Amino acid sequence: MKIEHDLLYMDCPCGSGKKFKFCCLEKVRKMLPAEPDKGDIVTAIRKEMCCQAEGKGGNPYDNPEAVHLMFSGMRLRDCGKFDEALNLFERARTKNPKVYTAWNNEAQTHWLIGNLELAIETQKKGLKYAAKYDAYGWAQLAEFHYFLTRNTEAHAYCDKALSILPVSVDATAKVCAALALLKR
């Protein structure tokens, strides 16, 4: 099984300070199919990070009902059904508050409908469950503050996002968007 050089020698997502190759690689390798692509590897790293975030209490994404509610809410939001989407995001995080992407999506939906302070409050609450692992959430919070011309906070939250390995394309894109807004 070939794992790309840049993934092997990145800092380990668990925060040990070691390179991934010398730390959690073997744990992640057990989760991979025989012929993994980069997406399989990133997904396995994300699952391992979620387990780390739970303090060995299990992966928050192992709650299929909460995850289903979150994805259903995303589809409704994308169709402009904001109230229904907010209801599903709230139900998802009530089922398992550690599915932090439900918080991110709920905050984004509040932002889209003009509930700006509620969006920020929701985002901050969600980060309590995954602050060390949610580059997307920190970058989204930076964007919210930027648009409200709270530049000191925006830069601080962007710095926090940059200190975390983004483990998905969405997270990477969100961090890049925040950097672009802040012209960094």
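Everything that follows concerns the structure shown earlier in this document.
Residues numbered from 1 in each chain as written. Predicted model: local features only at pLDDT ≥ 70, side-chain atom pairs only at ≥ 80, totals over all residues. Heavy atoms only, no water.

Caption draft 1: Representation of the environment of Lys-128. Within the element layout of this structure, Lys-128 appears in helix H7 (residues 116-130). For Lys-128, a relative accessible area of 70% translates into the label exposed. (Helix = DSSP H or I, 4+ residues; strand = E, 2+ residues; numbered from the N terminus. Buried < 20%, exposed > 50% of the residue type's maximum accessible area, 1.4 Å probe, protein only.)

Caption draft 2: Looking closely at the environment of Phe-89. Following the sequence through the fold, Phe-89 ends up in helix H5 (residues 82-95). A sequence separation of 22 residues divides Phe-89 from Val-67, and the C-alpha atoms of the two residues are 9.5 Å apart. Discounting chain neighbours no more than four positions away, the residues touching Phe-89 are Met-70, Gly-73, Met-74, Arg-77, Ala-102, Asn-105, Glu-106 and Thr-109. (Contact = heavy atoms within 4.5 Å.)

Caption draft 3: Seen up close, helix H10 (residues 169-181). Along its 13 residues, H10 runs 18 Å from first to last C-alpha, staying within 8% of the 18 Å computed at 1.5 Å per residue. Every buried residue belonging to H10 is among Ala-171, Lys-174, Val-175, Ala-178 and Leu-179, and all of these are buried. What you see down the axis of H10 is that its buried residues fit within an arc of 135°, all on one side. Projecting away from the buried face of H10 at angles above 90 degrees are the exposed residues Val-169, Asp-170 and Ala-180. Where H10 is buried, its residues meet helix H6 (100-112), helix H8 (135-147) and helix H9 (151-162). Lys-183 occupies a position one or two residues after H10 and carries a positive phi of about 55°. (Expected span 1.5 Å × (residues − 1). Arc of directions from axis to C-beta.)

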